[in-house]
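# Overview (structure and organization)
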Amino acid sequence: MTISFKDRVAIVTGAGGGLGRAYALELAKRGAKVVVNDLGGARDGTGHSDAALKVVEEIEAAGGEAMSDGGSVTEYDHMVELVAKTKEKWGGVHVLINNAGVLRDKSFAKMEPVDFEFVVKVHLIGSANVTKAAWETMREQNYGRILMTASSTGLYGNFGQANYGAAKLGLAGLAKTLYLEGAKHNIKVNTIAPVAGTRMTEDLFPAEGFKAFAPEKVVPAALYLVSEDAPTNMIVGAGAGVFQAAYVTLTQGKLLTGDDLSPEGIAAHWAEIVDRTGELTPQSGADQTMLILKKLQGG
């Protein structure tokens, strides 16, 4: 069955180039009215350009409907205004793809606190700002599809990206609470961890790899995760046409009592504590507490 976004209104942040542009173009091609948000700054978040306007022109040239927005996701009031303008023009906001981001890579030893804070502000606080601005509308219309953009750096770490990694894992955590809070209002919240050859990563890929990891090859996952029949609370890896699922898991654990309830006891039972047999994928934070209670009853 063809996945359509007819009569849907989508906001895509950071959509002036790379992944965001690819998402916006495909959403529009499938019938969505698209708000192309992009400050149009350099990779480190400085400066401005009319990148968003160019993408709107591309969408309109192909017969789609779009409008541009040059505001920064770090400015909450502007995001509230953006949602209000979108509703006024098209009547609602059904899809939000939080894609805007910046890079200020340095080893932690050399990283200035201002560079740590700025990266977290754009990725994490910025995504929370836009989501909060659209949240009430999605609750009222009893429909919302939200996609957070994490990264393998957030999930697994990467040298020189402490700021980026902290922000990206923060986004996965944000999604895990919002999926619970949005469930009764038919709001589904997922996370994508893309690997793509874009302006953000151009110096990390050799030329051939850059082509293999075209942003367009991530698009199928992103659009599925914001479609009507999307799952919720998923973390999906995507790159070069390969799609993966990542999970935050929990081992069964080991109940320690008496003399074992000590640092020495932890050391002695370490192998049992980290044993992945019967590992769980909790659906909420309460699941960890429930497992502990179960251990106490069984112990």
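The rules behind these values
- Residues numbered from 1 in each chain as written.
- Predicted model: local features only at pLDDT ≥ 70, side-chain atom pairs only at ≥ 80, totals over all residues.
- Heavy atoms only, no water.
- Helix = DSSP H or I, 4+ residues; strand = E, 2+ residues; numbered from the N terminus.
- Rg over C-alpha atoms; globule rule 2.2 N^0.38 Å.
- Buried < 20%, exposed > 50% of the residue type's maximum accessible area, 1.4 Å probe, protein only.
- Polar contact = N/O pair within 3.5 Å; in protein donor to acceptor, adjacent residues only side chain to side chain.
- Pairing = 2+ DSSP bridges.
- Axes fitted to C-alpha atoms, helices over the stretch in contact; angles between N-to-C directions.
- Contact = heavy atoms within 4.5 Å.
- Core = buried A, V, L, I, M, F, W, Y, C linked by side-chain atoms within 4.5 Å.
- Salt bridge = Lys/Arg side-chain N within 4 Å of Asp/Glu carboxyl O.
- Expected span 1.5 Å × (residues − 1).
- Lys, Arg positive; Asp, Glu negative; His and termini not counted.
- Parallel < 35°, antiparallel > 145°, perpendicular 65-115°, else oblique.
- Left-handed = near helix turned anticlockwise from the far one by under 90°.
- Nonpolar A, V, L, I, M, F, W, Y, C, P; charged D, E, K, R; others polar.

### What to know about the overall build of the chain
Regarding its fold elements, the chain presents eleven helices and eight strands. A globule of 299 residues ought to have a C-alpha radius of gyration of about 19 Å, and the chain, at 21 Å, matches this closely. If you line up the chain on its principal axes, its C-alpha atoms span 70 × 45 × 35 Å. Burial statistics for the chain: of 299 residues in total, 46% are counted as buried.

### Concerning the environment of Asn158
By the element assignment, Asn158 lies in the loop between helix H5 (152-156) and helix H6 (162-182). For Asn158 and Ala207, which are 49 residues apart along the polypeptide, the C-alpha to C-alpha distance reads 22 Å. There is a polar contact of 3.1 Å between the side chain of Asn158 and the side chain of Gln161.

### Observations concerning the sheet that holds strand S2 (residues 33-37)
One open sheet accounts for eight strands, arranged S3-S2-S1-S4-S5-S6-S7-S8; its pairing is mixed. The two strands at the open ends of the sheet, each matched to only one other strand, are strand S3 (65-69) and strand S8 (242-246). Neighbour-to-neighbour, the strand axes of this sheet turn through a mean angle of 20°, independent of strand direction. The pairing of strand S4 (residues 95-97) with strand S5 (residues 144-149) spans three bridges and is parallel. Bridge assignment links Ile97 to a residue of S5, and that residue is Leu147. Set on the sheet, helix H1 (residues 18-29) makes contact with strand S1 (9-13), S2, S4 and strand S6 (187-194); between it and S1 the angle comes to about 170°. Contacting S5, S6 and strand S7 (235-239), H6 runs over the sheet at an angle of about 160° to S6.

### Digging into the nonpolar core
Residues Tyr23, Leu27, Val34, Val36, Ile59, Ile97 and Ile192 are the most contacted members of the largest nonpolar core, which totals 33 residues. Secondary structure elements with two or more residues in this core: S1, H1, S2, helix H2 (51-61), S4, helix H8 (219-225) and S7. At six residues, the largest contribution of residues to this core is made by H1. Not counting residues up to four positions away in its chain, the partners in contact with Ile97 are Ile11, Val12, Thr13, Tyr23, Leu27, Leu147 and Val226. Counting 30 residues, the second largest nonpolar core, distinct from the first, contains Leu96, Leu103, Ala133 and Met138.

### Things to note about the pattern of salt bridges
Taken as a whole and assessed by the stated rule, the structure comprises twelve salt bridges. A salt bridge links Glu26 to Arg30; the nearest nitrogen and oxygen atoms lie 2.8 Å apart. Across the pair Arg276 and Glu279 runs a salt bridge whose closest N-O atoms are separated by 2.7 Å. On the basis of relative accessibility, which here comes to 28%, the residue Glu279 falls in the partly exposed class. Salt bridges linked by common partners bring Glu26, Lys29 and Arg30 together as one network.

### Comments concerning H1
Helix length check: H1 (twelve residues) gives 17 Å between terminal C-alpha atoms against 16 Å at 1.5 Å per residue, within 8%. Turning to H1, its buried residues number three or more, namely Leu19, Gly20, Ala22, Tyr23, Ala24, Glu26, Leu27 and Ala28. Close packing links the buried residues of H1 with S1, S2, H2, S4, S6 and H8. Trailing H1 by a residue or two, Gly31 shows a phi angle of about 105°, which is positive.

### Comments concerning the side chain of Arg145
Considering the arrangement of structural elements, one finds Arg145 in strand S5. Comment: no salt bridge for buried Arg145; closest opposite-charge side chain is Glu228, at 5.8 Å.

### Digging into the side chain of Asn233
Along the chain, the position of Asn233 falls in the loop between H8 and S7. Setting aside residues no more than four positions away along its own chain, Asn233 makes contact with Lys176, Tyr179, Val189, Asn190 and Gln283.

### Details of unusual backbone geometry
Here Asn142, not a glycine, exhibits a phi torsion of approximately 55°, which is positive. Locating Asn142 in the fold gives a position in the loop between helix H4 (113-141) and S5. Phi is positive for Asn186, close to 60°, though the residue is something other than glycine. Note on Asn186: relative accessible area 28%, which makes it partly exposed.

### A few points about the packing of H1 against H2
With their axes 10 Å apart at the nearest point, H1 and H2 run at an angle of 25° to one another. The angle between H1 and H2 places the two elements in the roughly parallel class. By crossing handedness, the relation of H1 to H2 is classed as right-handed. Taking contact as the criterion, the partners of Arg21, Ala24, Leu25 and Ala28 in H1 are, on H2, Val55, Glu58 and Ile59. Taken together, the residues of the contact of H1 with H2 break down into five nonpolar, no polar and two charged.

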